[in-house]
Amino acid sequence: MLNICVCVSGGGTNLQAIIDGIAKGTITNTKIAAVISNNKGAYALERAKQNGIPAVCVSPKDYESRDIFNDALLDTVKSFQPDLVVLAGFLVNVPGKMVQEYKNRIINIHPSLIPSFCGVGYYGLKVHEAALARGVKVTGATVHVVDDGTDTGPILLQKAVCVQEGDTPKVLQQRVMEEAEWKILPMAIDMIANGKLLK
Ligand code: GRF
């Protein structure tokens, strides 16, 4: 059984895709040990509670320094003994200590086809604004391993999505989530749980 912690910051639609995947059996051999957020108001925490999953907030606002927060975040993750940490819309820079502790055991979903539109400053709607500004005809999403960089770790899965005439950033974001993110993140978790990725 793959024990996972899912780290979130926002609405939790990617978390919901994981919860739904486990419920309908498209994700097998996997248990969500906890959902952890840096944001007290993240609806993703509510989604966890609605599904009987431990939901914990570790907010930087509650700690006197970033280093102390980083240690608290790592201790909280470790307390659930995950085999895999899944960043699903998590807007915190993962502490170096955590990347080392879970080397090749942290994955992230990014809403573009890396190496396009990624790195520092590219998150949420900003990614789609940049894609539209560049005029790309195809974008998509990427699941990658988290390393010490920003969106620089080994790519595991990608799925392309067509940009349509008249797309706004919001419309494009929704299509990328529906057609790509909510498919490849659950797929990656199932593949890892069944020894097909990150062997
Ligand atoms: C989405 O844009 C996703 O691509 C990014 O974080 C945003 C919020 O995701 N990783 P969620 O609804 O909180 O899963």
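Residues numbered from 1 in each chain as written. Predicted model: local features only at pLDDT ≥ 70, side-chain atom pairs only at ≥ 80, totals over all residues. Heavy atoms only, no water.

## Re the overall build of the chain
Helix and strand content of the chain: 6 helices and 7 strands. In terms of overall dimensions, the chain is globule-like: its C-alpha atoms have a radius of gyration of 16 Å, near the 16 Å expected for 199 residues. Burial status across the chain gives 50% buried among its 199 residues. Within the chain, counting contacts between residues at least 6 apart in sequence, those at least 24 apart form 64% of the total. Carbon and sulfur atoms form 51% of the exposed surface of the chain, whose accessible area is close to 9500 Å². Distance between charge centres in the chain, computed from 20 positive and 19 negative side chains, equals 4 Å. (Helix = DSSP H or I, 4+ residues; strand = E, 2+ residues; numbered from the N terminus. Rg over C-alpha atoms; globule rule 2.2 N^0.38 Å. Buried < 20%, exposed > 50% of the residue type's maximum accessible area, 1.4 Å probe, protein only. Contact = heavy atoms within 4.5 Å. Areas by Shrake-Rupley, 256 points an atom, 1.4 Å probe, with all protein chains shown as cover. Lys, Arg positive; Asp, Glu negative; His and termini not counted. Charge placed at Lys NZ, Arg CZ, Asp CG, Glu CD.)

## Some thoughts on the environment of K170
Looking at the element boundaries, K170 is found in helix α6 (residues 169-193). Note: C-alpha distance between K170 and G41 (129 residues apart in sequence) is 21 Å.

## Some remarks on the side chain of E181
By the secondary structure assignment, E181 is in helix α6. No salt bridge is formed by the buried E181, whose closest oppositely charged neighbour, K170, lies at an N-O distance of 11 Å. Once residues lying within four places of it in the same chain are set aside, the contact partners of E181 are N14, I109, P111, A141, V176 and P186. (Salt bridge = Lys/Arg side-chain N within 4 Å of Asp/Glu carboxyl O.)

## Some words on the site of the ligand
Around the ligand sit G10, G11, G12, T13, N14, G89, I109, P111, Q173 and E181, and those are all the residues in its vicinity. Residue N14 places a main-chain N or O atom 2.8 Å away from an oxygen atom belonging to the ligand. The separation between an oxygen atom of the ligand and a polar side-chain atom of Q173 is 3.1 Å. Protein burial of the ligand: of its 370 Å² of free accessible surface, 88% is covered by the chains. Residue classes in the shell around the ligand are distributed as 2 nonpolar, 7 polar and 1 charged. (Near = heavy atom within 4 Å. Polar contact = N/O pair within 3.5 Å; in protein donor to acceptor, adjacent residues only side chain to side chain. Nonpolar A, V, L, I, M, F, W, Y, C, P; charged D, E, K, R; others polar.)

## Looking at the pairing of strand β5 (residues 106-110)
Side-chain direction in a regular strand flips from residue to residue, so the side chains alternate between the two faces of the sheet. With 5 of its 5 residues buried, β5 lies for the most part within the structure. Residues of β5 alternate between two faces, with I106, N108 and H110 on one and I107 and I109 on the opposite face, all of them buried. Note that strand β4 (residues 84-87) and β5 share 3 bridges and pair parallel. Bridge assignment links V86 to a residue of β5, and that residue is I107. Taken together, β4, helix α4 (residues 96-101) and β5 constitute a β-α-β crossover, and its handedness is right-handed. Relative to strand β6 (residues 138-145), β5 runs antiparallel, the two being bridged by 4 bridges. Across the sheet, the residue bridging to I107 is V145, located in β6. (Pairing = 2+ DSSP bridges. Right-handed = clockwise from strand over helix to strand, strands pointing away.)

## Structural notes on the pattern of salt bridges
This model, assessed by the stated rule, comprises 4 salt bridges. For K97, the salt bridge goes to D71, with nearest N and O atoms at 2.6 Å. Residue K97 is found in helix α4, and its partner D71 is found in helix α3 (residues 66-79); the two are separated by 26 residues along the sequence. Note on K97: relative accessible area 53%, which makes it exposed.

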